[in-house]
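Listed here are the chains, written in short residue letters.
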Amino acid sequence: MKRYKNIFTVMMSLLLIIFIGTIMLLNIITPNKKFSKWENRILEQKPKFSFKKLTTGKFTSNYEKYISDQFPLRDFWIGVKSTTEKFLGKKENNGVYLCRDGFLMENFKKPSEDNLKKVINSINSFGKLFPKVNKYFMLIPNSTKILEEKLPANAPVDDELIYYNKFKDSLDKNINFIDIYDTLQARKNEYIYFKTDHHWTSKGAFYSYKELISSMGITPHESSYFNINRVTDEFYGSLYSKSGYKNILPDSIELYIPKTKSNYKVWYKDTEKTSNSLYNMENLNKKDKYTIFLNGNHSLIKINTNTKNHKKLLILKDSYANSLIPFLAGHYKEIYVVDLRYYTDNLYNLINDNHIKDMIFVYNEISFFKDKSVLTLGTITK
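Reference entry: report on the structure contained in this document. None of the values given here were measured: they were computed from a predicted structure. (Residues numbered from 1 in each chain as written. Predicted model: local features only at pLDDT ≥ 70, side-chain atom pairs only at ≥ 80, totals over all residues. Heavy atoms only, no water.)

**Let's talk about the overall build of the protein**
What counts here: The numbering of helices and of strands both runs from the N terminus, where a helix is a DSSP run of H or I of at least 4 residues and a strand a run of E of at least 2. Throughout, a residue-residue contact means that at least one pair of heavy atoms, one from each residue, lies within 4.5 Å. Per-residue accessibility takes into account occlusion by the displayed protein chains alone, with areas from the Shrake-Rupley method and a 1.4 Å probe.
Along the protein, the regular secondary structure elements total 13 helices and 15 strands. Counted over contacts in the protein with a minimum sequence separation of 6, partners at least 24 positions apart contribute 71%. On the protein, roughly 20300 Å² of surface is accessible, and the fraction owed to carbon and sulfur atoms is 55%.

Pasting the structure below:
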C-alpha cells in the first residue's frame, strides 16, 4: 500500500513539473499580444525596469498585470474558471456580475476623493479657456445603476448616483450638465442597455439624445423621422468576453437611419481615410460588432453633413458617444469628434481655428472616473 502511495506521489509530482514546465515554455515561445479581440482591450506589456518604479511598487504592480494579461491560453482558463464558479453558484467573475434576465453588469468602484477632485478641476479649468463656447456635459449612468434591481443580492457595488450628483454639483456654472438619469430610469424596462456589453443600445442613446438636444435649444427628431433597422442578432459584447460566462443569449444592434437622404463625409485622422457613412457595416463580421458605429474609437474624426446650417460641434468622448453621434449629425454642418485617449495634437488650436461654438462632453460613469486622459484637459493653456 505504501509503495502505491509513493508511486502516486511521484506521478503527481511529475505531472506538476510537466505542467509548470509547459507553461514556462509557452511563456517563452509565445509572442506578447498587444490587443485582445476577445476582451476588446489593450493588453499590458512588459514594463521597463527602474529602481524608482521598484521602490514605489509600481514596477511590481505593472509586472503582475503583464503576467496576467500575457498568460498562455488565458481565454481558455478564464472560461474554465467562470464555468466552474457558475456551477458552484458564484455570481461574479473578473469584475462582472451574472444578473437576472441574462444581463451581465460591470462592477462600479467609487473614485477616491482625490481623483474625483482632480477630474472636476481639470474639466472646470478647461471650460474657463472658452467662455464664448456653449459647453455641455453628459455623464451617462451605467446599467449597473439604472438596472440595479437585476444585480445579485448583496453585490458589493458602490452607488453611482452619489458620484453622479457630486460631479454635477461641482461643475462650474458655465458648463451645462445634461441630467439624463431620470430619463433612463423612466425607460429601464425597455432595451436601453446591452445584456452582454458595457455600452447602451441605440434606443438608450436616442432617448438621451432627445434630452441633450432639447437642452441645447434645438428641436429633436422623433422616432418617426428614422427607419429603425435591426442589423444583427448575434452580438456578444465586452462583458461576455471579460466574464467568461457562457450559455448566454446574444444582443441585437439597431441603427436609426433618417428617412430623408443624408450625405456624409467622415474623415479619420489616424488612418487618413474617408467614408460616406457613419457606419462600418463590415464590422458586423467582427467580434466587436459595436464598432459598426463610426468604425470604433479614433483620435480625431471630422464629419461633414448636408444639414442646412453652418453650425459646428466638438465632441470630447469615450465609446458611449459613438452610437449617439449619428443622431447629432442631423443638426450640425460639421462635427469634430475627439477621443483624448489617442489625441495628441493641440486641442485649443482645434477649437479656435475651426471657430467651434458648441462643445459636448460624453462619457459613461464607470470609465470616466478611471480615464487618466481626462486629466490632460487641466494642463491645456492658450
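Next comes the rest of the write-up.
**Points about the nonpolar core**
Convention followed: Take the buried residues of types Ala, Val, Leu, Ile, Met, Phe, Trp, Tyr and Cys, join any two whose side-chain atoms come within 4.5 Å, and each joined set is a nonpolar core. Summary of the burial criterion: residues with accessible area below 20% of their type's maximum are buried, those above 50% are exposed, and those between are partly exposed, where the area comes from a 1.4 Å probe applied to protein chains only.
If you look at the biggest cluster of nonpolar residues, it comprises 96 residues, and the most contacted ones within it are Phe126, Phe167 and Leu347. Sort the elements by how many residues they give to this core and helix H9 (residues 202-215) lands first, with six residues. Not counting the four nearest positions on each side in its chain, Phe126 is found in contact with Leu316, Leu347, Ile351, Met359, Phe361, Leu377 and Ile380.

**With respect to the side chain of Asp318**
The following threshold applies: We score Asp and Glu as negative and Lys and Arg as positive, and we do not count His or the chain ends. Note on definitions: salt bridges are taken to be side-chain nitrogens of Lys or Arg within 4 Å of carboxyl oxygens of Asp or Glu. Identification of polar contacts relies on pairs of N or O atoms within 3.5 Å, with a donor-acceptor requirement for protein atoms, meaning one able to donate a hydrogen and the other able to accept it, and with residues adjacent in sequence counted only if both atoms are side-chain atoms.
Inspection of the secondary structure puts Asp318 in the loop between strand E13 (312-317) and helix H11 (325-328). Arg341 is the oppositely charged side chain nearest to the buried, salt-bridge-free Asp318, at an N-O distance of 6.1 Å. For Asp318, the side chain forms a polar contact with the main-chain nitrogen of Tyr320, separated by 3.0 Å. At 2.8 Å, the side chain of Asp318 and the side chain of Asn364 are in polar contact.

**Quick notes on the sheet that holds E13**
Threshold: Should DSSP find at least two bridges between two strands, the strands are regarded as paired. The axes used here are C-alpha line fits, helices contributing only the stretch in contact, and every angle between their N-to-C directions lies in the interval 0 to 180 degrees.
Taken in spatial order, the eight strands line up as E7-E6-E15-E13-E14-E12-E10-E11 in an open sheet, and their pairing is mixed. Strands with a single pairing partner mark the edges of an open sheet, and in this sheet they are strand E7 (175-177) and strand E11 (273-275). Each adjacent strand pair in this sheet contributes to an overall mean axis angle of 20°, direction not counted. Across five bridges, E13 lies against strand E15 (residues 358-364) in parallel orientation. Paired with Leu313 across the strands is Asp358, a residue of E15.

**Let's talk about the packing of helix H5 (residues 113-128) against helix H7 (residues 160-170)**
To keep it simple, the criterion reads: Left-handed describes a crossing whose near helix is turned anticlockwise from the far helix through less than a right angle; right-handed describes the clockwise counterpart. When residue character is reported, Ala, Val, Leu, Ile, Met, Phe, Trp, Tyr, Cys and Pro are called nonpolar, Asp, Glu, Lys and Arg charged, and the others, Gly included, polar.
Two elements in contact, H5 and H7, have axes whose closest approach is 10 Å; the angle formed by their N-to-C orientations is 40°. For the pair H5 and H7, the crossing hand works out as right-handed. Counted together, Glu113, Leu116, Val119, Ile120, Ile123 and Asn124 of H5 and Tyr163, Lys166, Phe167 and Ser170 of H7 form the full contact between these two elements. Residue composition of the contact of H5 with H7, by class: six nonpolar, two polar and two charged.

By themselves these figures say nothing about function.
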